[in-house]
Every structure is written in structure tokens, then in C-alpha cells.
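Spelled out from the first residue to the last, the chains are:
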Amino acid sequence: ALEMEYCFDKIEKIIFLGGSSILYDIIKNMDRNIEMVVFTSERFSEEMIEGKKFKEQLQDLNIKFYVVENINNNEDLKKEIIRNSTLGFSVSASWIIKQISIDLFDGKIVNIHGSRLPQFRGGGGISWNILQGNRLDGFVIHFITTGIDDGAIIDKEEIIFPDNCKSPLDYYSYKNKIMVKKSIDFINQILNNNELFSLNPQQEEFSSYWPRLNT
């Protein structure tokens, strides 16, 4: 697969899609000079993070947000996007994002996926690693396509969990801190420079899909 290069346009607004404590920590620690809007689902909006519901934490941070059932063809999303200068950044989004939404962003919509790709497409990454006794893990930032976790990789990091990671919460806490820092660094790279990013198409011969687990 041939490596390509990509340069983001000047970004003046970030629309975050999804939820979780990772997204909360990204927003909380971001430079507030950039406009940020969140589109989240009912499930994530009610999730308790540091003693408050996610939607209450967003209110406290003065972040504009929408709770939507389906992001695709959503009128509020259409109104919020400034076509050439808006970055879409997905963190655990509940929806399968369709081409109609990708087109709204002119393709400038990325996802942080909490496992290595293309080996660990799908969900439940930490649990699958624990079940396999595997301490090597990682995560990637990739462009969103209509396929499942199959867009070109823009950035990635590999992790070896230390021996003191015993429970799923230990694994999540350890990895989430690294994912938050990488996300903020990546966004700042886009905001600060006209930087060329190397895009690496995923190698399909190594791909596998892991379903979510009911745990």
C-alpha cells in the first residue's frame, strides 16, 4: 500500500462526535481559543463522569452540545458545519457514520480507535486483549469512511501495558491518559501548522473484526 500525504485546511471549529471520559478529558484540556461543539447520544449524555452526567460536565465547561438519535441527515449538524474550516473528530461515537455526513465535512472527519488497526476492528478491544493475555496494544487516528474502522491511518501509537495493570479499569485508565494526550497533540498539530500528514492505507490482508462484548 502506497503512503500518501494530506494537509488539513485552516481549521476554525471542531465538532466532536461521541462521548466517554476520553472525550471529556480532551475537551477539558484543550486550548479554548478554538470553537468546539459536541454531538452525543442519549446513552453518553447520561453517563456519569467525575460525579456528574456528561451533559452536565459540558454545561459546566460552556460547551455547546446536541443530544441526537441519529447523526446522519441531522439538521443541527448541517447548520453547525462551516464547510472548509470544520474538523470532525469522533470518540466512541454510537452511530455508523454514512457518506452524507462525511460529505458535510468535505471528508475532514477522523476517528480515534482504541485498538490497533486493521488487526482489531470493532469493539471490546481491552477485554479481548485481557482474554488473550496480550499486553501489547495501541490505538490509531484514522479517516472515517463508510466501512468499519477501515479508513487511512493518520497517526498511531503502540502501548505495552505494565505489570501493575490487573483489572479492566487499570488497563483503561493507563491507555486513556495516553489517548487523550495524543488526541490533543494531533489537534494542535492541525491548528498550528499547514503540516503534511502521512496517510497509510490499511493492509486488508491483516484485518480482523472483533464484536462488542456484553460484560
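Here the structure is a predicted model, which means the values were calculated and not measured.

Undergrad: What exactly am I supposed to notice about the overall build of the protein here?
TA: Looking only at helices and strands, the protein has seven helices and 13 strands in total. Here the protein has a C-alpha radius of gyration of 17 Å; the compact-globule value for 215 residues is 17 Å, and the two agree. Summarising its shape, the C-alpha atoms of the protein cover approximately 45 × 45 × 30 Å along the three principal directions. Expressed as a percentage of the 215 residues in the protein, the buried residues total 48%. Counted over contacts in the protein with a minimum sequence separation of 6, partners at least 24 positions apart contribute 69%. As displayed, the protein offers around 11000 Å² of accessible surface, 48% of which is attributable to carbon and sulfur atoms. Taking the average location of the 24 positive side-chain charges in the protein and that of its 31 negative ones, the two points are 3 Å from each other.

Undergrad: Would you take a moment to explain the pattern of salt bridges for this structure?
TA: All chains considered together, the criterion is met by 14 salt bridges. With its nearest N and O atoms 3.6 Å apart, the salt bridge here joins D9 to K108. Highlighted residues: D9 in the loop between strand 1 (4-7) and strand 2 (13-18) and K108 in the loop between helix 5 (99-104) and strand 8 (109-113), separated in sequence by 99 residues. Salt bridges here are not isolated pairs; linked through shared partners, they connect K13, E35, K64 and E80.

Undergrad: What is the right way to read the sheet that holds strand 2 from this model?
TA: The pairing of strands in a sheet comes from backbone hydrogen bonds and takes either a parallel or an antiparallel form. Spatial ordering of the open sheet is given by 6-3-2-7-8-10-11, a layout of seven strands whose pairing is mixed. Here the strands that pair on one side only, and so sit at the sheet edges, are strand 6 (64-67) and strand 11 (153-160). Averaged over all pairs of adjacent strands, the angle between their axes in this sheet comes to 15°, without regard to strand direction. Pairing geometry for strand 2 and strand 7 (residues 86-91), over six bridges, is parallel. For I14, the partnering residue across the bridge sits in strand 7 and is L87. The strands that helix 1 (residues 20-29) touches are strand 2, strand 3 (35-40) and strand 7; relative to strand 7, the one it contacts most, it runs at about 140°.

Undergrad: I keep staring at the nonpolar core and nothing clicks. Help me out?
TA: Generally speaking, nonpolar side chains in soluble globular proteins are found buried as a group. Counting 41 residues, the largest nonpolar core has F8, F16, I26, I27, F89, I154 and F186 as the members making the most contacts within it. It is helix 7 (residues 168-192) that contributes the most residues to this core, seven residues altogether. Excluding residues that lie within four positions of it along the chain, I154 makes contacts with F8, V110, I141, H142, F143, F186, F197, S198 and L199. Formed by 17 residues, the second largest nonpolar core is a distinct cluster that contains I71, I81, A93 and I102.

Undergrad: How should the side chain of S183 be read in this particular structure?
TA: With respect to the helices, strands and loops of the structure, S183 is situated in helix 7. Contact partners of S183, with chain neighbours within four places excluded, come to I26, F89 and I112.

Undergrad: Looking at this model, I keep getting lost on the environment of D76. Mind explaining?
TA: Within the secondary structure, D76 sits in helix 4 (residues 75-80). The spacing of D76 and F39 is 37 residues in sequence and 9.3 Å in space, taken between C-alpha atoms. Filtering out sequence-adjacent residues up to four positions away, D76 remains in contact with F39 and Y66.

Undergrad: Looking at this structure, how should I read the environment of I159?
TA: Take I159: it is sitting in strand 11. Residue I159 is classed as buried on the basis of its relative accessible area of 4%. I159 sits 19 residues away from I178 along the chain, and the two C-alpha atoms are 8.9 Å apart.

Undergrad: Looking at this structure, how should I read the side chain of S41?
TA: Position of S41 relative to the elements: it lies in the loop between strand 3 and helix 2 (42-45). Under the relative-accessibility criterion, S41 is labelled buried at 7%.

Undergrad: I'm lost on the pairing of strand 12 (residues 196-199) in this one. Help?
TA: Where burial is concerned, the two faces of strand 12 differ: the one with F197 and L199 is buried and the one with L196 and S198 is not. Here strand 1 pairs with strand 12 via four bridges, running antiparallel. Pairing of C7 across the sheet is with L196, part of strand 12.

Undergrad: How should unusual backbone geometry be read in this particular structure?
TA: If a residue is not glycine, its phi is most likely negative; likewise, a peptide bond is most likely trans. The phi torsion at E50 lies on the positive side, around 50°, for a residue other than glycine. Looking at the element boundaries, E50 is found in the loop between strand 4 (48-49) and strand 5 (52-53). Of note, the phi angle at S92 is positive, near 60°, even though the residue is not glycine. Assignment of secondary structure puts S92 in the loop between strand 7 and helix 5. Here S92 falls in the partly exposed class, since its relative accessible area comes to 37%.

Thresholds applied
- Residues numbered from 1 in each chain as written.
- Predicted model: local features only at pLDDT ≥ 70, side-chain atom pairs only at ≥ 80, totals over all residues.
- Heavy atoms only, no water.
- Helix = DSSP H or I, 4+ residues; strand = E, 2+ residues; numbered from the N terminus.
- Rg over C-alpha atoms; globule rule 2.2 N^0.38 Å.
- Buried < 20%, exposed > 50% of the residue type's maximum accessible area, 1.4 Å probe, protein only.
- Contact = heavy atoms within 4.5 Å.
- Areas by Shrake-Rupley, 256 points an atom, 1.4 Å probe, with all protein chains shown as cover.
- Lys, Arg positive; Asp, Glu negative; His and termini not counted.
- Charge placed at Lys NZ, Arg CZ, Asp CG, Glu CD.
- Salt bridge = Lys/Arg side-chain N within 4 Å of Asp/Glu carboxyl O.
- Pairing = 2+ DSSP bridges.
- Axes fitted to C-alpha atoms, helices over the stretch in contact; angles between N-to-C directions.
- Core = buried A, V, L, I, M, F, W, Y, C linked by side-chain atoms within 4.5 Å.

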